[in-house]
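Examining the three-dimensional arrangement
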Amino acid sequence: MYGQDNTKDYKMVENKNIIIYTKLVPVGEAKTFHLVKKYFFSTQSDIEILPLTQMNLKRAFPDNIKFHDILNLEFDSKEDISSYDQTNNMYKVNYLLNKSLK
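From a predicted model like this one, the values you see are computed outputs, not experimental measurements.

1. Description of the packing of helix α2 (residues 65-74) against helix α3 (residues 92-100)
Two elements in contact, α2 and α3, have axes whose closest approach is 9 Å; the angle formed by their N-to-C orientations is 135°. If you check the angle between α2 and α3, you find them oblique. Remark: the crossing between α2 and α3 carries right-handed chirality. Each of Lys66, Phe67, Ile70, Leu71 and Glu74 in α2 lies in contact with α3, whose residues at this interface are Lys92, Val93, Leu96, Leu97, Lys99 and Ser100. The class makeup of the residues in the contact of α2 with α3 is six nonpolar, one polar and four charged.

In structure tokens:
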């Protein structure tokens, strides 16, 4: 399933409280660029898709301080937070959000 943000196409890879998308993004110079898979998210299918970063997740859930604290404990601020939790069969950020809501 695909979402759209202007002319950029995203592939939806998980549809839970946090909707996770991927997109192949060109990296490098015009003649020598290569495509890298980047992760994005939204909290609803009809709102803006944002890069999947700690800061953007905290802005998306401003009142969930427990979620902020868990993100700080689980991930270094520069660390890629797109990891998949094989045990729970979901992306780790969705697992952590669910944990914060209990």
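2. Structural notes on the pairing of strand β3 (residues 19-27)
Two strands pair when backbone bridges link them, and β3 and strand β4 (residues 34-42) are joined in this way by nine bridges, in the antiparallel orientation. Along β4, the bridge assignment pairs proline 26 with leucine 35. The turn linking β3 back onto β4 is made up of six residues, and glycine 28 within it adopts a positive phi angle of 110°.

3. Describing the nonpolar core
By size, the foremost hydrophobic cluster in this structure holds 15 residues, and its most contacted members are Ile18, Ile20, Leu52, Leu57, Phe67, Leu71 and Val93. Elements with a minimum of two residues in this core: α2 and α3. Residues contacting leucine 57, with those up to four places away along its chain left out, are Ile18, Phe41, Leu52, Phe67, Leu71, Ile81 and Val93. Counting residues in each nonpolar core, the second largest holds six residues, with Ile19, Tyr21, Phe40 and Ile49 among its members.

4. Regarding the packing of aromatic side chains
In this structure the tally under the stated criterion is five aromatic pairs. Considering the side-chain rings of tyrosine 10 and tyrosine 21, the 6.2 Å spacing of their centres and the 70° angle between planes classify their relative orientation as edge-to-face. With tyrosine 10 in strand β2 (residues 8-15) and tyrosine 21 in strand β3, the pair connects residues that are 11 residues apart, well separated along the chain. The pair formed by tyrosine 10 and tyrosine 21 is uniform in burial state, with each residue classed as buried.

5. Looking at the side chain of lysine 58
Structurally, lysine 58 can be placed in helix α1 (residues 54-60). The side chain of lysine 58 is buried and forms no salt bridge, while aspartate 69, the nearest opposite charge, is found at 7.2 Å.

About the thresholds
- Residues numbered from 1 in each chain as written.
- Predicted model: local features only at pLDDT ≥ 70, side-chain atom pairs only at ≥ 80, totals over all residues.
- Heavy atoms only, no water.
- Axes fitted to C-alpha atoms, helices over the stretch in contact; angles between N-to-C directions.
- Helix = DSSP H or I, 4+ residues; strand = E, 2+ residues; numbered from the N terminus.
- Parallel < 35°, antiparallel > 145°, perpendicular 65-115°, else oblique.
- Left-handed = near helix turned anticlockwise from the far one by under 90°.
- Contact = heavy atoms within 4.5 Å.
- Nonpolar A, V, L, I, M, F, W, Y, C, P; charged D, E, K, R; others polar.
- Pairing = 2+ DSSP bridges.
- Core = buried A, V, L, I, M, F, W, Y, C linked by side-chain atoms within 4.5 Å.
- Buried < 20%, exposed > 50% of the residue type's maximum accessible area, 1.4 Å probe, protein only.
- Phe/Tyr/Trp six-rings, centres within 6.5 Å; stacked < 30°, edge-to-face > 60°.
- Lys, Arg positive; Asp, Glu negative; His and termini not counted.
- Salt bridge = Lys/Arg side-chain N within 4 Å of Asp/Glu carboxyl O.

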